[in-house]
Amino acid sequence: MDKDLFLHILDDSSSEDEFVFEESEDEELLENLVLSVKGRRNSIINYSTSVITKYTEEEFKMHFRISRTMFNTLCSMFADSEYYKNLRADKRMSSEDHLAIFLWFAGHEASCFRDISDRFNVTISTVSRTITRVTNFLSRLSPQVIKWPTDEEKAASSQFFKARCGFAGAIGLHLNVHIWSHCGKFTGTIQ
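Rules used throughout
Residues numbered from 1 in each chain as written. Predicted model: local features only at pLDDT ≥ 70, side-chain atom pairs only at ≥ 80, totals over all residues. Heavy atoms only, no water. Core = buried A, V, L, I, M, F, W, Y, C linked by side-chain atoms within 4.5 Å. Buried < 20%, exposed > 50% of the residue type's maximum accessible area, 1.4 Å probe, protein only. Helix = DSSP H or I, 4+ residues; strand = E, 2+ residues; numbered from the N terminus. Contact = heavy atoms within 4.5 Å. Axes fitted to C-alpha atoms, helices over the stretch in contact; angles between N-to-C directions. Left-handed = near helix turned anticlockwise from the far one by under 90°. Nonpolar A, V, L, I, M, F, W, Y, C, P; charged D, E, K, R; others polar. Phe/Tyr/Trp six-rings, centres within 6.5 Å; stacked < 30°, edge-to-face > 60°. pLDDT = per-residue confidence, 0-100.

Turning our eyes to something else, we now look at the nonpolar core. Among the nonpolar cores identified, the biggest contains 28 residues, and Ile-52, Phe-64, Phe-71, Ile-101 and Phe-120 are the most heavily contacted of them. For this core, the elements supplying multiple residues, two or more each, are helix H4 (57–64), helix H5 (68–79), helix H6 (82–85), helix H7 (95–107), helix H8 (113–120) and helix H9 (124–145). At six residues, H7 tops the list of elements feeding residues into this core. With residues up to four places along the chain from it excluded, the contact list for Ile-101 reads Met-93, Ile-116, Phe-120, Val-122, Val-127, Thr-130 and Ile-131.

Packing of H7 against H8 brings their axes to within 11 Å, and their N-to-C directions diverge by 145°. Two packed elements cross with a definite hand, and for H7 against H8 that hand is right-handed. From H7, Ala-100, Ile-101, Trp-104 and Phe-105 reach across to H8, where they touch Phe-113, Ile-116, Arg-119 and Phe-120. Its residues placed into classes, the contact of H7 with H8 shows seven nonpolar, no polar and one charged.

So, on to the packing of aromatic side chains. Counted according to the given criterion, the structure contains 12 aromatic pairs. Geometrically, the ring pair formed by Phe-60 and Phe-64 is tilted, given 4.9 Å between the ring centres and 45° between the ring planes. Within this pair, Phe-60 and its partner Phe-64 are both found in helix H4, separated by four residues, close to a single helical turn. There is no split in this pair, since Phe-60 and Phe-64 are both buried.

Time to look at unusual backbone geometry. Of note, Asn-46 is a non-glycine position whose phi angle comes to about 55°, a positive value. Relative to the helices and strands, Asn-46 resides in the loop between helix H2 (25–38) and helix H3 (47–50). Its identity as a non-glycine residue notwithstanding, Arg-65 has a phi of 70°, on the positive side. Structurally, Arg-65 can be placed in the loop between H4 and H5.

Right, let's get into the confidence of the model for the protein. Confidence in the prediction for the protein averages 80 pLDDT; 69% of positions are at 70 or higher. Overall, residues 12–22 carries pLDDT values under 50, and its contacts beyond four positions in sequence, including any with other chains, amount to 25 contacts.

This is the structure:
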């Protein structure tokens, strides 16, 4: 490694966000070395075990956007998946922490990797890898979870929407979607 780059990494003015490394063990070792030399940042210790476990069902659903039962089911499925089993057993976080990090990111519009890393006491690169890993896992589940309507169901739905709403050919709707479009000022003519 270039000496100037290493000194730049150790420079107090450099942001931790600049150093999101790939999945290499050497790079993770370097990141941990940098953090130990620069000093550990303040973060929440044992958030998963000391805070999340105390959430009421309502609080849990508010923060993670799913029920605790669904969370536990997904954790079990993730723990049995190749995405989790292929991680080094001595280095991996729990399946619960993986899913909690992903759901916190997905469910909080203003969250960023730094906030999540502070909340769960992990490095920013760990947050990045965790989100990617759980996203890939959930994407693999889509054929089991997403079910397309049969031709008969499409016809019945289309008839319902035509009779009820006046929309011919509609087979469903998606709630709470707002698509904003700013087209600018129209100066032409419509023919």
